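For reference, the chains in residue letters:
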Amino acid sequence: MRTFRERMMASAKRSRSRVVLALDITGPHQTRLARAEKVLDATMDRIAAVKVNHQLLLPYGLEGIARVVAKCHDGGLPIIADLKMNDIESTNLDIVDSLLAYGFDAVIANPFVGREEGLGGVIERMHAKGGGVILLVYMSHSGAREGYALRVAGKPLYRTFAARARDWGADGVVVSAKSPEKIAETRKIVGNNCLIFSPGVGAQGGAKLGAAPGADFVIVGRSITEAPNPRGALMEITPGLAA
Ligand code: XMP
């Protein structure tokens, strides 16, 4: 059984891309699924993975997006659930069991909840089934500094979160593309076996497309999903993000 990290690297190599497509389709709920499939069809040979968030998961649920998951698997693309999971262990375990049953490869979780009776058992369960857990280290919106940069016990929380990712054996971390220095600090803490995923490129305005030096993967949503020509938008940013 290949690990989530191995599947991500294989997919990046095959697609020659380090873009994780955030399939965040908004607008009328009834039309989102069809539009998501269209964007996926247009881009799937040149992206490394797909990330879905509440824009699809709330209106449709796991059952409702089964075709999106199947499409990803047919194309060899890992699919990540961006739930920013943040609950007690029994609930977290039920969440990841559902995600695995519906074919998801990884989940994004919030390390704030802690390891004991929080995320420790979840990471073990995911690893036993070949899945991955990605922890939030520093988010990409401006208010991130109000939480992730708070100094607790003499250091900013994001450094504690990066150390948790390393110590808990997380498969990846999320660090904002708008903070290249935090990407570099995080890399020093987590080493090379933990993937760095970096959102905040493009629509969130801070970083230019192609930026996020030091990250393994860049998460891009609206710049692609809301473009009149999603493939064209992807190909425009791909030169800076080729694997
Ligand atoms: P845009 O449209 O801004 O979409 O390219 C970015 C996607 O990434 C999500 N996002 C985050 N997810 N940690 C995460 O786990 C973060 O720090 C973070 N910042 C943005 C966002 O919800 C959207 O799906």
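Summary of the structure given here. (Residues numbered from 1 in each chain as written. Predicted model: local features only at pLDDT ≥ 70, side-chain atom pairs only at ≥ 80, totals over all residues. Heavy atoms only, no water.)

### Some remarks on the overall build of the protein
Here is step 1 of the chain: Scanning the protein from terminus to terminus reveals 11 helices and 10 strands.
Here is step 2 of the chain: Expected size for 243 residues packed as a compact globule is a radius of gyration near 18 Å; at 17 Å, the protein falls within 12% of this value.
Here is step 3 of the chain: Principal axes of the C-alpha set define a box for the protein whose edges measure 50 × 35 × 35 Å.
Here is step 4 of the chain: Counting all 243 residues of the protein, 52% fall into the buried class.
Here is step 5 of the chain: Contacts in the protein between residues far apart in sequence, at least 24 positions, make up 70% of those at least 6 positions apart.
Here is step 6 of the chain: If you sum the accessible surface of the protein, you get close to 10,700 Å²; carbon and sulfur atoms cover 51% of it.
Here is step 7 of the chain: Where the 31 positive side-chain charges of the protein centre and where its 24 negative ones centre are 7 Å apart. (Helix = DSSP H or I, 4+ residues; strand = E, 2+ residues; numbered from the N terminus. Rg over C-alpha atoms; globule rule 2.2 N^0.38 Å. Buried < 20%, exposed > 50% of the residue type's maximum accessible area, 1.4 Å probe, protein only. Contact = heavy atoms within 4.5 Å. Areas by Shrake-Rupley, 256 points an atom, 1.4 Å probe, with all protein chains shown as cover. Lys, Arg positive; Asp, Glu negative; His and termini not counted. Charge placed at Lys NZ, Arg CZ, Asp CG, Glu CD.)

### What to know about the nonpolar core
Here is step 1 of the chain: By size, the foremost hydrophobic cluster in this structure holds 80 residues, and its most contacted members are Leu23, Leu40, Val50, Val52, Ile65, Phe104 and Phe197.
Here is step 2 of the chain: The element that contributes the greatest number of residues to this core is helix α8 (residues 157-168), accounting for seven residues.
Here is step 3 of the chain: If near-sequence neighbours (up to four positions away) are discounted, Val50 is found in contact with Val20, Leu21, Leu23, Leu40, Cys72, Leu77, Pro78, Ile79 and Ile80. (Core = buried A, V, L, I, M, F, W, Y, C linked by side-chain atoms within 4.5 Å.)

### Section: the site of the ligand
Here is step 1 of the chain: The environment of the ligand is made up of 19 residues, and the closest members are Asp24, Lys51, Ser140, Gly221 and Arg222.
Here is step 2 of the chain: Measuring from an oxygen atom of the ligand, one finds a side-chain N or O atom of Asp24 at 2.5 Å.
Here is step 3 of the chain: Asp82 is positioned such that a nitrogen or oxygen atom in its side chain is 3.1 Å from a nitrogen atom of the ligand.
Here is step 4 of the chain: For the ligand, whose accessible area on its own is 510 Å², the fraction buried by protein is 92%.
Here is step 5 of the chain: Mapped onto the shell around the ligand, the elements with two or more residues apiece are β3 (79-85), β5 (132-138) and β10 (217-220).
Here is step 6 of the chain: Partitioned by chemical class, the residues of the shell around the ligand number 10 nonpolar, four polar and five charged. (Near = heavy atom within 4 Å. Polar contact = N/O pair within 3.5 Å; in protein donor to acceptor, adjacent residues only side chain to side chain. Nonpolar A, V, L, I, M, F, W, Y, C, P; charged D, E, K, R; others polar.)

This is a description of form; function is not addressed.
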